[in-house]
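Structural description and commentary
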Amino acid sequence: MSAPLRTGARLRVGLDIGGTKIAAVLLDEEAHIVARVRRSTRHGMPGLLQSVTSAIEELLEIAGGAASQLKSIGLGIPGLVDAAAGIVQHAVNLGIGEEGLDMRAALQEKFPAAQVYVENDLNVGALGAVALLDLGKIDLAYLAIGTGLAAGFVLQGKPRSGANGAAGEIGHIPVDPFGEKCACGQRGCLETVVSGTAIARKWSTTNSRPAPAALFAEAARGNTEAIKVRDEFAVGVAAAIRMVALSMDVDVIVLGGGVSELGKPLLDVVQEALRAQARGSRLLESLRLDKRIELLPPGSAAAAIGAALLGSGLADTVPILANAQGPHAQGHPSADLHLRAEIAATKS
Ligand SMILES: [Zn+2]
């Protein structure tokens, strides 16, 4: 993928652990991606630990590196994460319950050279987005629209977890007391309207294509029913964006998660919904939310990259990645833009 590793280079591993897949990247000291792998997740103890360990070993093998070169291992993991203790609990999709799993202790034992960091999966998504979009030290929210809906925050360069690890669970903010029953037990949660699951309920597909892609394709062909469902979904996403913006006033809101892979067609309808909602509200208009949302490049492994940057101190790392002038600078000859270059390469 890139130049051979320098002897003795210190490496950073980042893993984004999902219910079905683990996405993992290996970064060198200049934040080049030197290897990336995806493998399926085994659930419960000790399966999960084995999946993580073998993903790390596979990365090292691809890059020709040794475990002794590992400077850090960062994990982004769903559930209630105690980042200070390195423990995860209630990761229902991973088969980890109340008893919890001390990921830090377990990995530290296997990879004694590395510092181990454990963080909420949405916060590492937010960290990765800051790095990938070349945004420097700003306040950012990462809005993950997938099976469910949740947000991660990076505030002043640091992930925000909350007192109980539940910051950003906006999918379970009740918005309609008479709405549908949610998996969490409440009624009318935001994610019953804004999620891939919500789309699938309203737009059933006959083939294997995911419902959001099928819906947007049908709407693009002019199917009026599809346009209605799509536009109602966009109104919901815009409402979620307003919630995040009005409660946290972050500079940028990045759309992530599986549904965001719809790309520009999603961005277009959401921006239109935000503009429509701002008409008639001087307050909303002044916030210019349609100009503050961003998409990640598809397949960019943002959360794994964010996990690899844990402990690097974004204050130190992001300026390295971001010393092109401002967001979206093109064609800058800086040697520090390899990460974005890698991403662009994997995109095409
Ligand atoms: Zn809920």
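Residues numbered from 1 in each chain as written. Predicted model: local features only at pLDDT ≥ 70, side-chain atom pairs only at ≥ 80, totals over all residues.

Considerations on the overall build of the protein
This is how the line gets drawn: Each helix corresponds to a stretch of at least 4 residues labelled H or I by DSSP, and each strand to a stretch of at least 2 residues labelled E; elements are numbered beginning at the N terminus. Think of it as a crowd count around each C-beta: if 20 or more other C-beta atoms lie within 10 Å the residue is buried, if 12 or fewer it is exposed, and in between it is partly exposed, with C-beta placed from the backbone throughout. Here, residue contact means that the backbone-derived C-beta atoms of the two residues sit within 7 Å.
Secondary structure summary: the protein contains 11 helices and 13 strands in total. Looking at the protein as a whole, 45% of its 348 residues are labelled buried. Across the protein, contacts joining residues at least 24 apart in sequence account for 63% of those joining residues at least 6 apart.

With respect to the sheet that holds strand E7 (residues 101-102)
The criterion, for reference: Pairing between strands requires that DSSP locate at least two bridges from one strand to the other.
Taken in spatial order, the three strands of this open sheet run E5-E6-E7, and their pairing is antiparallel. Both edges of this open sheet fall to strand E5 (80-82) and E7, since each of them pairs with a single strand only. Relative to strand E6 (residues 87-89), E5 runs antiparallel, the two being bridged by three bridges. Within E6, the residue paired with Val81 across the bridge is Val88.

Overview of helix H3 (residues 121-132)
Heads up, the condition is: Multiplying one less than the number of residues by 1.5 Å gives the expected span of a helix.
For H3, with 12 residues, the first-to-last C-alpha span of 16 Å sits near the 16 Å given by 1.5 Å per residue. Burial analysis of H3 places 12 of its 12 residues in the buried class, the great majority of the element. Residues of H3 that are buried include every one of Asp121, Leu122, Asn123, Val124, Gly125, Ala126, Leu127, Gly128, Ala129, Val130, Ala131 and Leu132, and no others. Among the residues trailing H3, Asp134 stands out with phi positive, at a value near 65°.

Here we look at the sheet that holds strand E9 (residues 140-145)
Note the threshold: Think of each axis as a best-fit line through the C-alpha atoms, taken over the contacting stretch in the case of a helix, with angles from 0 to 180 degrees between the N-to-C directions.
Across the sheet, five strands lie side by side as E11-E10-E9-E12-E13; this open sheet has mixed pairing. Each edge of the open sheet carries a strand with a single partner, namely strand E11 (158-159) and strand E13 (293-295). In this sheet, E13 lies alongside strand E12 (residues 252-256) in parallel orientation, the contact comprising three bridges. Each bridged residue has a counterpart across the sheet, and for Ile253 the counterpart in E13 is Ile293. Sheet strands touched by helix H6 (residues 224-248): E9, strand E10 (149-155), E12 and E13. Its angle to E9, the strand with the most contacts, is close to 155°.

Looking at the packing of H6 against helix H7 (residues 264-278)
Applicable threshold: For classification purposes, angles smaller than 35 degrees are called roughly parallel, those larger than 145 roughly antiparallel, those between 65 and 115 roughly perpendicular, and all remaining angles oblique. For any pair of crossing helices, the crossing counts as left-handed if the nearer helix is rotated counterclockwise from the farther one by less than a right angle, and right-handed if it is rotated clockwise. Three residue categories are used. Nonpolar comprises Ala, Val, Leu, Ile, Met, Phe, Trp, Tyr, Cys and Pro, charged comprises Asp, Glu, Lys and Arg, and polar comprises the others, including Gly.
Put simply, H6 and H7 touch, their axes get as near as 8 Å, and they point 70° apart. Here H6 lies roughly perpendicular to H7, going by the angle between them. Crossing angle aside, the handedness with which H6 passes H7 is right-handed. Across from Arg230, Asp231, Ala234, Val235, Val237, Ala238 and Ile241 in H6, the residues of H7 making contact are Val269, Val270, Glu272, Ala273, Leu274 and Gln277. Across the contact of H6 with H7, the residue classes break down as nine nonpolar, one polar and three charged.

Some thoughts on the pairing of strand E1 (residues 11-17)
The buried count for E1 comes to seven of seven residues, which makes it a mostly enclosed element. On E1, burial covers both faces: Leu11, Val13, Leu15 and Ile17 on one face and Arg12, Gly14 and Asp16 on the other are all buried. Relative to strand E4 (residues 70-77), E1 runs parallel, the two sharing six bridges. Pairing of Leu15 across the sheet is with Leu75, part of E4.

Some words on the packing of helix H5 (residues 211-220) against H6
Put simply, H5 and H6 touch, their axes get as near as 8 Å, and they point 125° apart. What the angle tells us is that H5 and H6 run oblique. Crossing angle aside, the handedness with which H5 passes H6 is left-handed. In this structure, H5 uses Leu215, Phe216, Glu218 and Ala219 to contact H6, whose residues at the interface are Ala226, Ile227, Val229 and Arg230. Taken together, the residues that form the contact of H5 with H6 break down as six nonpolar, no polar and two charged.

Focus on the environment of Ile199
Among the secondary structure elements, Ile199 is positioned in helix H4 (residues 196-202). A residue is classified by how many C-beta atoms lie within 10 Å of it, and Ile199, with 26 of them, is buried. Expressed as a C-alpha distance, the spacing of Ile199 and Val229, which sit 30 residues apart in the sequence, is 8.0 Å. Beyond its immediate sequence surroundings of up to four residues, Ile199 is in contact with Ala211, Pro212, Leu215 and Phe233.

Focus: unusual backbone geometry
Negative phi is the rule for most residues except glycine; trans is the rule for most peptide bonds. A cis amide bond links Met45 to the next residue, Pro46, at an omega of 0°. Its location among the elements puts Pro46 in the loop between strand E3 (33-40) and helix H1 (47-63). Backbone geometry places Asp249, a non-glycine residue, at a positive phi of 50°. Considering the arrangement of structural elements, one finds Asp249 in the loop between H6 and E12.

Some remarks on the confidence of the model for the protein
Inclusion rule: Confidence scores here are pLDDT values: one per residue, from the predictor, ranging 0 to 100.
This prediction gives the protein a mean pLDDT of 85; 88% of its residues lie at or above 70. Here helix H11 (residues 338-347) stands out as the least confident element of the protein, with mean pLDDT 42; H7 is the most confident, with 97. Predicted confidence is poor over residues 317-348, with pLDDT under 50, and the contacts of this stretch with residues over four places away or in other chains come to 49 contacts.

What about the environment of Asp290?
Within the secondary structure, Asp290 sits in the loop between helix H8 (282-287) and E13. For the pair formed by Asp290 and Ile241, sequence separation is 49 residues and the distance between their alpha carbons is 9.5 Å. Residues in contact with Asp290, not counting those within four places in the same chain, are Gln271, Leu274 and Arg275.

Side note on the environment of Pro46
For Pro46, a count of 11 C-beta atoms within 10 Å puts it in the exposed group. The sequence separation of Pro46 and Leu101 amounts to 55 residues, and the corresponding C-alpha distance is 9.8 Å.

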